[in-house]
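What follows is the residue order along each chain.
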Amino acid sequence: MNFTLLAIESSCDETAAAVIKNGKILSNIIATQSIHQKYGGIVPELASRAHQQNIVPAVAQALLQANITKYMLNGVAFTKGPGLLGSLLVGVSFAKAFALGLNVPLIEVNHMEAHILAHFIDDPKPSFPFLCLTVSGGHTQIVLVTDYLEMKVIGQTQDDAVGEAFDKSAKLLGLPYPGGPLVDKYAQLGNPYAYAFPNVDTPALNYSFSGIKTAILYFLRDRTAREPDFVEKNMNDICASIQEALVEILLKKLRKAVNETGIKEVAIAGGVSANSGLRKKLQENADKLGWNVYIPRFEYCTDNAAMIAMAGAFKYERGIFADQQVSPDPRMKI
Ligand code: KG4
Ligand code: ZN
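What counts and how
Residues numbered from 1 in each chain as written. Chains lettered and ligands numbered in written order. Predicted model: local features only at pLDDT ≥ 70, side-chain atom pairs only at ≥ 80, totals over all residues. Heavy atoms only, no water. Helix = DSSP H or I, 4+ residues; strand = E, 2+ residues; numbered from the N terminus. Buried < 20%, exposed > 50% of the residue type's maximum accessible area, 1.4 Å probe, protein only. Lys, Arg positive; Asp, Glu negative; His and termini not counted. Salt bridge = Lys/Arg side-chain N within 4 Å of Asp/Glu carboxyl O. Polar contact = N/O pair within 3.5 Å; in protein donor to acceptor, adjacent residues only side chain to side chain. Contact = heavy atoms within 4.5 Å. Disulfide = S-S within 2.5 Å. Donors = N, O, S within 2.8 Å, 3.2 Å for Na, K, Ca; no water. Patch = residues over 30% accessible without salt bridge, like charges linked within 9 Å, V, L, I, M, F, W, Y side chains within 5 Å. Areas by Shrake-Rupley, 256 points an atom, 1.4 Å probe, with all protein chains shown as cover. Pairing = 2+ DSSP bridges. Right-handed = clockwise from strand over helix to strand, strands pointing away. Near = heavy atom within 4 Å. Nonpolar A, V, L, I, M, F, W, Y, C, P; charged D, E, K, R; others polar.

**Student:** So, the side chain of Glu265: which residues are in play, and what are the values?
**Tutor:** Locating Glu265 in the fold gives a position in strand β9 (residues 265-269). For the buried residue Glu265, which engages in no salt bridge, the nearest side chain bearing the opposite charge is Lys264, 11 Å off. Within the structure, the side chain of Glu265 is placed 3.0 Å from the backbone nitrogen of Ser127, a separation counted as a polar contact. A polar contact of 2.7 Å, which involves the side chain of Glu265, links it to the side chain of Asn292. Excluding its chain neighbours within four sequence positions, the residues that come into contact with Glu265 are Pro126, Ser127, Pro129, Phe130, Leu131, Asn292 and Tyr294.

**Student:** Explain the state of the cysteines to me, and be specific about the residues and the numbers.
**Tutor:** Tallying each qualifying case throughout the model produces zero disulfides. Cys132 forms no disulfide, and the closest cysteine sulfur to it belongs to Cys301, at a distance of 10 Å. The exposure class of Cys132 is buried, given its relative accessible area of 0%.

**Student:** Residue-level account of the coordination of the zinc ion (ligand 2), with values.
**Tutor:** Protein coordination at the zinc ion (ligand 2) comes from His111 (NE2), His115 (NE2) and Asp303 (OD), with a distance range of 2.0 to 2.2 Å. All donors of the zinc ion (ligand 2) belong to a single chain; written as a sequence motif, their spacing is H-x3-H-x187-D. Of this pair, His115 sits in helix α3 (residues 111-117) while Asp303 sits in the loop between β10 (292-294) and α9 (306-317), and the two are 188 residues apart along the sequence. For the pair formed by His115 and Asp303, the shared burial category is buried.

**Student:** Could you give me a rundown of a nonpolar patch on the surface, with the residues and numbers involved?
**Tutor:** On the surface, Leu172, Leu217 and Tyr218 cluster together into a nonpolar patch covering about 260 Å² of accessible area. Structurally, Leu217 can be placed in helix α6 (residues 210-226). Assessed through its relative accessible area of 38%, Leu217 is described here as partly exposed.

**Student:** A description of the pairing of strand β5 (residues 106-110) should follow, citing residues and the corresponding values.
**Tutor:** In terms of burial, β5 is largely enclosed, as four of its five residues are buried. Taken together, the five bridges between strand β4 (residues 75-81) and β5 define a ladder with parallel strand orientation. Note that in β5 the partner of Gly81 across the bridge is Asn110. Traced from β4 through helix α2 (residues 85-102) to β5, the parallel crossover comes out right-handed.

**Student:** Summarise the site of ligand 1; cite the residues concerned and give the values.
**Tutor:** Around ligand 1 lies a shell of 17 residues, among which Gly137, Asp167, Asp184, Gly271 and Asn275 are the nearest. His115 is positioned with one of its side-chain polar atoms (N or O) 3.2 Å from an oxygen atom of ligand 1. Asn275 has a polar side-chain atom sitting 2.9 Å from a nitrogen atom of ligand 1. For ligand 1, the protein covers 89% of the area, taking 560 Å² as the surface of the free molecule. Of all the secondary structure elements, the ones that give two or more residues to the shell around ligand 1 are α3, α4 (162-172) and α5 (180-187). Grouping the amino acids of the shell around ligand 1 by side-chain chemistry returns four nonpolar, ten polar and three charged.

**Student:** Which residues make up the pattern of salt bridges, and what values do they have?
**Tutor:** As enumerated under the stated definition, the model contains 17 salt bridges in all. Linking Lys80 and Glu108 is a salt bridge whose minimum nitrogen-to-oxygen distance equals 3.8 Å. On the criterion of sequence distance, the pair formed by Lys80 in strand β4 and Glu108 in strand β5 is long-range, its members being 28 residues apart. The class of Lys80 is buried, set by a relative accessible area of 14%. In this structure, Glu284 and Lys280 form a salt bridge, with 3.9 Å as the shortest nitrogen-oxygen distance. One end of the pair, Glu284, and the other, Lys280, are both in helix α8 (residues 276-289), four residues apart, so they sit about a helical turn from each other. Residue classification places Glu284 among the partly exposed residues on the basis of a relative accessible area of 39%. Within this structure, Asp160, Glu164, Lys168 and Lys213 form a network of salt bridges that share partners.

Here it is in structure tokens:
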């Protein structure tokens, strides 16, 4: 990997830029947009505007920290999708203009594939074939990875993503957006077996999180009707129990996938892989069932451009480039 790439990520609410040189990440800049917090969720138009403000400084910072000039770049990688159209447009337009100005190739990257390829930034790296549970705000998938650029989704959610289930539960508890990390924080102080939520069975390797979301809604409604300060008094136990239920749903199908494929190389990726309960339980399953597990460093779990740089590098190596007419693909699939 004897080349240097700039990578841009703008699919959702983080404006990120990174530099990779000879296969090593030299910088990884993330500008998080706090504007969405007061609205309790991402407002697409505001995300797009914030990307426009952040992208030039984020790229300048990434080049500075990597100690290179833009003239040393051999290519520009960017997230083509999936994501919010208005957000993706900013990154795609910037990457196209930057690459055109420098006369270097453009490399389009699938955001979900990049979450998985983040495992090749650091050691230990998984060996092929491996299974990757990809869990984020928009996706819940079990992916069979047979090579760097060969992946197949073998199971996925039929309704909400698990990140959404974390965020919506947090909202019911009166916690600010994004609630996933806060549920995790309170859960660490609570009893995961204080309350039980159903693990509804779904076909094959697919997931469903809408049933548990409704169960949590009714549970909280009934308890607070009897005891108005139920949530405040029991926040740690409620969060621990919700987290336990969501993590167990994830692991049940992952165990099934391992049994069906016979593959014991198991990775997790995406924002929810930052969850301490998931990381702990995955390791417990691994110890018990003889799996090799791969858990990314925290900064490579949630959205970042280092993973786009890594994915872009595998494509650059193989001469797979995008043309100047490329446009965002909000519903891009693995
Ligand atoms: O991958 P990501 O940064 O963005 C998407 O591509 O969606 O994932 C964001 C999701 C959000 O739903 C957020 O609440 C969740 O990941 N998340 C967590 C934790 N950290 C982030 N959920 C539970 N526990 C965490 N520690
Ligand atoms: Zn993501």
